[in-house]
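Each chain, letter by letter, is given below.
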Amino acid sequence: MMRFLLLLVLLAGFIAGLIVFAPLSVILKASGAESRGLSWTSVEGTLSGGKITGLKAGSDLLGDATLKLNPASLLKLGVEYDFNWTGPSGRGTGKASAFASGAAQLRDFQMELDFAALEGAAAWLRQSGGKARLNGTLVRFRKGACEKADGQSWSDALSRNSVLLGPGWPELSGSLSCDGDMLLIPLQSTSPLGTQLDAAARFRLGGSGNIEARVSGVIPQQFHYGLPLAGFLPDAGTYVYRYPTNAPEAPR
């Protein structure tokens, strides 16, 4: 009996050792990272942590990321990593996890995006050199659909475009939330003249997404010339920019 128990203990230790030293690339594939639209050039390390080089989301190059395992996540039938990401479009830190239940989430995250390198941003945004920041405690997806979001969004894009939009614009800001099954990242601001800009990005994890910006309220005469040049189209007394251009209109 004792020999049998000892054999079980040794077998359990052997299996645990195999898991701990399993290549990180195998762990990423098992977690469903590829099915969620992620790919990479190379991966170094094991389950306990490592480095991902050439990380992509679809065709968008994100850059490189270092990972460190939170061992407690294994008890919840998942993997959670502290990450540090840097790339051409921005940088960020936080905790990223995936579970056998189909849930994937970000916790305690801080990210900064550079509009100059962000696909889908309007030309005037890319040329401005503006930034966007996302900070929050939790964004959770289940089987690709947004389930819960708690965080804030911010951007200085308007203050960097005073030539086109005029001076005095407050910084853009908003609160992250789930809009149906899509994550909603809103950015809103109103000028001293009463011109309002409402921008929003919506997407499913590893699936479809779109960006929309709408200028409404008091629209100065020069905007009627400048906004179409910036990619905005007239729409029922407002001006709207959409990416992709055939994206369905979002609820107002």
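What counts as what
- Residues numbered from 1 in each chain as written.
- Predicted model: local features only at pLDDT ≥ 70, side-chain atom pairs only at ≥ 80, totals over all residues.
- Heavy atoms only, no water.
- Helix = DSSP H or I, 4+ residues; strand = E, 2+ residues; numbered from the N terminus.
- Buried < 20%, exposed > 50% of the residue type's maximum accessible area, 1.4 Å probe, protein only.
- Contact = heavy atoms within 4.5 Å.
- Areas by Shrake-Rupley, 256 points an atom, 1.4 Å probe, with all protein chains shown as cover.
- Salt bridge = Lys/Arg side-chain N within 4 Å of Asp/Glu carboxyl O.
- Arc of directions from axis to C-beta.
- Phe/Tyr/Trp six-rings, centres within 6.5 Å; stacked < 30°, edge-to-face > 60°.
- Polar contact = N/O pair within 3.5 Å; in protein donor to acceptor, adjacent residues only side chain to side chain.
- pLDDT = per-residue confidence, 0-100.
- Pairing = 2+ DSSP bridges.

So, on to the overall build of the protein. Per the secondary structure count, the protein includes 5 helices and 16 strands. Considering the protein as a whole, with its 252 residues, one finds that 41% of them fall into the buried category. Nonlocal contacts in the protein, meaning residues at least 24 apart in sequence, comprise 39% of its contacts between residues at least 6 apart. Total accessible area on the protein stands at roughly 13700 Å², and carbon and sulfur atoms take up 61% of it.

This paragraph deals with the pattern of salt bridges. In total, this model carries 13 salt bridges according to the counting rule given. The residue Asp114 makes a salt bridge to Lys131 at a minimum N-O spacing of 3.7 Å. Linking Asp114 in strand β7 (residues 103-114) with Lys131 in strand β8 (residues 131-142), this pair joins segments that are 17 residues apart in sequence. Using a relative accessible area of 19% as the deciding quantity, one classes Asp114 as buried. Residue class for Lys131 comes out partly exposed when judged on its relative accessible area of 25%.

This next bit is on helix α5 (residues 221-229). Along α5, the residues classified as buried are Phe223, Gly226 and Leu227. An end-on view of α5 places all buried positions within 100° of arc, on one side of the element. Those residues of α5 that are exposed and aimed more than 90 degrees away from the buried face are Tyr225 and Leu229. The first or second residue beyond α5 is Gly231, which carries a positive phi of 100°.

With that settled, consider the environment of Asn210. Relative to the helices and strands, Asn210 resides in strand β14 (residues 209-217). Taking C-alpha positions, Asn210 is 5.6 Å from Tyr243, a pair spaced 33 residues apart along the chain.

Moving on, we get to the environment of Leu233. Note that Leu233 resides in strand β15 (residues 233-235). The class for Leu233 is exposed, based on a relative accessible area of 57%. Separated by 18 residues in sequence, Leu233 and Val215 place their C-alpha atoms 10.0 Å apart. Residues within four places of Leu233 in sequence aside, it is in contact with Thr238, Tyr239 and Val240.

Bringing the packing of aromatic side chains into the picture now. Two measures describe an aromatic ring pair: the distance that separates the ring centres and the angle between the ring planes. By the definition in use, this model includes 2 aromatic pairs. Arranged with centres 5.9 Å apart and planes meeting at 45°, the rings of Phe232 and Tyr241 form a pair that is tilted. Classification of Tyr241 as buried rests on a relative accessible area of 13%.

To continue, consider the side chain of Arg214. Tracing the chain through its elements places Arg214 in strand β14. Classification of Arg214 by relative accessible area gives buried; the value is 9%. For Arg214, the side chain forms a polar contact with the side chain of Thr238, separated by 2.9 Å.

With that out of the way, let us pick up the confidence of the model for the protein. The pLDDT averaged across the protein works out to 80; a share of 84% of its residues lies at or above 70. For the protein, per-element mean pLDDT is lowest for helix α1 (residues 2-20), which scores 35, and highest for strand β11 (residues 177-179), which scores 96. Confidence over residues 1-21 falls short of pLDDT 50; this stretch has 5 contacts with residues more than four positions distant or in other chains.

The buried count for strand β16 (residues 238-243) comes to 5 of 6 residues, which makes it a mostly enclosed element. Relative to β16, β14 runs antiparallel, the two being bridged by 5 bridges. Looking at β16, one finds that Arg214 is bridged to Val240. Pairing between β15 and β16: 3 bridges, direction antiparallel. Considered in β16, the bridge of Pro234 is made with Tyr239. Connecting β15 to the antiparallel partner β16 that follows it, the hairpin turn spans 2 residues, and Ala236 within it adopts a positive phi of roughly 50°.

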